[in-house]
Amino acid sequence: MSSSQAISSSLPISVLDLIPSRAGEPASSAIAQSVELARHVELLGYKRYWVAEHHSIQGLVCSATPILIGHIAAATKKIRVGSGGVMLPNHAPLVVAEQFGTLESMFLGRIDLGLGRAPGGDFQTMRALRRGLAQDGEDFPALLEELRT
């Protein structure tokens, strides 16, 4: 057993990927590099590969989290793939439930849904996400209950 296998079998290790891209690099290249990273860490015995959700940040290619999760899960065999995390105030709870329920149906036992409540973001992004501009994350418990239902 190699030292990396010994470490990963005794301590569950995971990756949180923001899918960075270099200036002038196409998004497709950054996504392909993340897929290769996921395959590599899967071979090393990592437990999870999570994709962050960020909007309107130059140099990050992680705004369509469920699509990226599906793409990475399709390219790997056993590593758990998920969100770290979906900012629930940015999305209708029903849409999140449908997206992650569908992913779980496609990749049984391998999909994780991490949630967050951060209301952050610039004015234009918040408006484009159709969120109330005065949101402060205080409605997270109600959104979570709606998601659970």
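Keep in mind that what you see is a predicted model, and the values were worked out from it rather than measured.

Asks: Account for the nonpolar core, with residues named and values stated.
Replies: Counting residues in each nonpolar core, the largest one holds 27 residues, and the members touching the most others are Tyr-49, Val-51, Ile-69, Ile-72, Leu-88, Phe-100 and Ile-111. Those elements giving two or more residues to this core turn out to be helix H2 (27–43), strand E2 (48–51), helix H3 (65–75), strand E3 (80–87), helix H4 (93–106) and helix H6 (140–148). Not counting chain neighbours up to four residues away, the residues in contact with Ile-111 comprise Ile-69, Ala-73, Arg-80, Val-81, Phe-100, Leu-103 and Glu-104.

Asks: Quick one: what's the story with the pattern of salt bridges, residue by residue and with numbers?
Replies: By the definition in use, this model includes three salt bridges. Here Arg-39 makes a salt bridge to Glu-36, at a shortest N to O gap of 2.6 Å. Here Arg-39 pairs with Glu-36, and both are found in helix H2, just three residues apart, close to one helical turn. On the accessibility criterion, Arg-39 (35% relative accessible area) is partly exposed. As a salt-bridge pair, Arg-80 and Asp-112 come within 2.5 Å of each other at their nearest N and O atoms. Of this pair, Arg-80 sits in strand E3 while Asp-112 sits in strand E4 (residues 111–116), and the two are 32 residues apart along the sequence. We classify Arg-80 as partly exposed; its relative accessible area is 23%. Through salt bridges that share partners, Arg-48, Arg-80 and Asp-112 make up one connected network.

Asks: Could you give me a rundown of H3, with the residues and numbers involved?
Replies: Within an α-helix, residues lying three or four positions from one another point in the same direction, as the helix has 3.6 residues per turn. Looking at H3, one finds that the buried residues are Thr-65, Pro-66, Leu-68, Ile-69, Gly-70, Ile-72 and Ala-73. On its buried side, H3 packs onto H2, E2, E3, H4 and E4.

Asks: I'd like a rundown of the pairing of E3, residues and numbers included.
Replies: For E3, a buried count of six out of eight residues is recorded, marking the element as mostly surrounded by other parts of the structure. As paired strands, E2 and E3 are joined by four bridges and run parallel to one another. In the strand pairing of E3, Arg-48 is matched with Arg-80. Chirality of the crossover, the property in question, places the unit of E2, H3 and E3 among those that are right-handed. Bridge analysis of E3 against E4 gives five bridges, and the strand direction is parallel. Paired with Val-86 across the bridge in E4 is Leu-115.

Conventions and cut-offs
Residues numbered from 1 in each chain as written. Predicted model: local features only at pLDDT ≥ 70, side-chain atom pairs only at ≥ 80, totals over all residues. Heavy atoms only, no water. Core = buried A, V, L, I, M, F, W, Y, C linked by side-chain atoms within 4.5 Å. Buried < 20%, exposed > 50% of the residue type's maximum accessible area, 1.4 Å probe, protein only. Helix = DSSP H or I, 4+ residues; strand = E, 2+ residues; numbered from the N terminus. Contact = heavy atoms within 4.5 Å. Salt bridge = Lys/Arg side-chain N within 4 Å of Asp/Glu carboxyl O. Pairing = 2+ DSSP bridges. Right-handed = clockwise from strand over helix to strand, strands pointing away.

Geometric descriptors of this kind do not, in isolation, establish any biological role.
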